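# Chain and residue survey
Chain by chain, the residues run as shown.
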Amino acid sequence: MKVILDTDPGIDDALAIAYAAAAPEIDLVGLTTIYGNTSIHQASRNARYLVDLLQLDIPVARGAEAPLGASDFQPAGIAHGSEGFGDVIEIPDLGVDHPQSAAEFLVQMAREHGDDLTICTLGPLTNIANALALDPEFAQMPGRVIVLGGALGETNDASDTAEDNMARDPLAADAVFASGLPITLVGLDVTLKPLYGIADFAVLSAASPRVGGFLNRAVQSHLNFFCVTLGIDGCGLQDPTAVVACSHPQLFETVETGLRALTEGARSGATVPDPDRPPVTVCRDMETQAVMQVLTSRIASLH
């Protein structure tokens, strides 16, 4: 399947991109970048660095620098460090961004590949909303849109009511849920089930010294954040789990419901069912050990 990752690298984004590069089921045709874990400048630089590290020949199209209706965005830098890759702060600025914006690139690739294209979003949904605004027919073009975000269960990471990707741009999220795009939502209540600890990253580092070694170095402060801040012994695999949902949908249990992202008040960014909206496939559970096994085996194969 042809896949575009819409990404804000980000340590878990780096894992997700590495998995997509290694998975034989995936033909990774490009990255589009978005603010979120980092600024848009850092996200695009980090994405180009990963393209070089993974020896990929694919474009990186720069996306939105702020949520809809906002002029700027300031990342917290708590979980991912000041440059996006934890304690790895010397990141060379390699290559150049694609001449098209992320929204333009998404529309062009959806026109070109149609049902064969899967778009997997790993950050706020601003680029997807901008693509819809650029060409309303975009909603009928791609075969699937896998959205990392939301939480219909009890687990969340941004507030008592909203998952972080949705909370960063609830207007974009709501526009995307209303669009009729063929969405599969992979929420935080599912993606925090698989946890990678120190030993798991050591396995990747030993099997793949260049790629796995970088991931192991980058993740150490991330592991500390999960342990100290969230009280979890290991880091969640949010972004790579969403990409595994692209390649191995049979490992996920799903239901269908319309969705709305609340855009006002204390619950802004919360994802709630709405039967009047177009149906969205929502992941409710998964075969956790199988997801972790396929993720580990694919990334460990990178040399």
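Below: a short report on this structure. (Residues numbered from 1 in each chain as written. Predicted model: local features only at pLDDT ≥ 70, side-chain atom pairs only at ≥ 80, totals over all residues. Heavy atoms only, no water.)

### Remarks on helix α1 (residues 11–22)
Heads up, the rule is: Under the DSSP-based scheme used, a helix requires at least four consecutive residues in state H or I and a strand at least two consecutive residues in state E, with every element numbered from the N terminus. Multiplying 1.5 Å by the helix residue count minus one yields the expected span of that helix. Whether a residue is buried, partly exposed or exposed follows from its accessible area with a 1.4 Å probe, protein chains only, as a fraction of its type maximum: under 20%, in between, or over 50%, in that order.
Look at α1: 17 Å from first C-alpha to last across 12 residues, which is about the 16 Å you get at 1.5 Å a residue. With 11 of 12 residues buried, α1 is to be regarded as a mostly interior element. Buried within α1 are the following residues: I11, D12, D13, A14, L15, A16, I17, A18, Y19, A20 and A22.

### Comments concerning the pattern of salt bridges
Convention followed: By definition here, a salt bridge exists when the distance from a side-chain nitrogen of Lys or Arg to a carboxyl oxygen of Asp or Glu is within 4 Å.
In this structure the tally under the stated criterion is 12 salt bridges. Put simply, K2 and D27 hold a salt bridge, and the shortest N to O gap is 2.8 Å. You can see K2 sitting in strand β1 (residues 2–7) and its partner D27 sitting in strand β2 (residues 27–33), a full 25 residues away along the chain. Overall, K2 belongs to the partly exposed group, its relative accessible area being 27%. Judged by relative accessible area, D27 falls into the partly exposed class, the value being 35%. The residue R277 makes a salt bridge to D174 at a minimum N-O spacing of 3.1 Å. Residue R277 is located in the loop between β10 (271–273) and β11 (279–286), and its partner D174 is located in helix α6 (residues 170–178); the two are separated by 103 residues in the primary sequence. Judged by its relative accessible area of 13%, R277 is buried.

### Thoughts on the sheet that holds β10
In plain terms, the rule: A pair of strands is treated as paired once DSSP finds two or more bridges between them. A contact between two residues is defined here by any heavy atoms of the two lying within 4.5 Å. Angles shown run from 0 to 180 degrees and are taken between the N-to-C directions of axes, each axis being a line fitted to C-alpha atoms and, for helices, limited to the stretch in contact.
Overall, mixed pairing links the nine strands, which are arranged β3-β2-β1-β4-β5-β6-β11-β9-β10 in an open sheet. Two strands lie at the open edges of the sheet, namely β3 (60–61) and β10, each paired on one side alone. In this structure, strand β9 (residues 252–261) lies alongside β11, joined through seven bridges in antiparallel fashion. In the strand pairing of β11, T254 is matched with C283. Across the sheet, α6 is in contact with β6 (183–186), β9 and β10; its angle to β9 comes to roughly 115°.

### Brief notes about the packing of aromatic side chains
Cut-off, in case you're wondering: Between the rings of Phe, Tyr and Trp (Trp by its six-membered ring), a pair exists once the centres lie within 6.5 Å; its type follows the angle of the planes, with under 30 degrees stacked, over 60 edge-to-face, and the other angles tilted.
Applying the stated rule across the entire model yields five aromatic pairs. Relative to F85, the ring of Y49 lies with its centre 6.4 Å away and its plane at 50°, an arrangement referred to as tilted. Linking Y49 in helix α2 (residues 40–53) with F85 in the loop between β3 and α3 (102–113), this pair joins segments that are 36 residues apart in sequence. Y49 sits in the buried class, given a relative accessible area of 15%. The exposure class assigned to F85 is buried, which follows from its relative accessible area of 0%. With a centroid separation of 5.2 Å and 90° between ring planes, the pair formed by F85 and F214 is classed as edge-to-face. Of this pair, F85 sits in the loop between β3 and α3 while F214 sits in helix α9 (residues 211–230), and the two are 129 residues apart along the sequence. Within the aromatic cluster, the residues linked to one another by ring pairs are Y49, F85 and F214.

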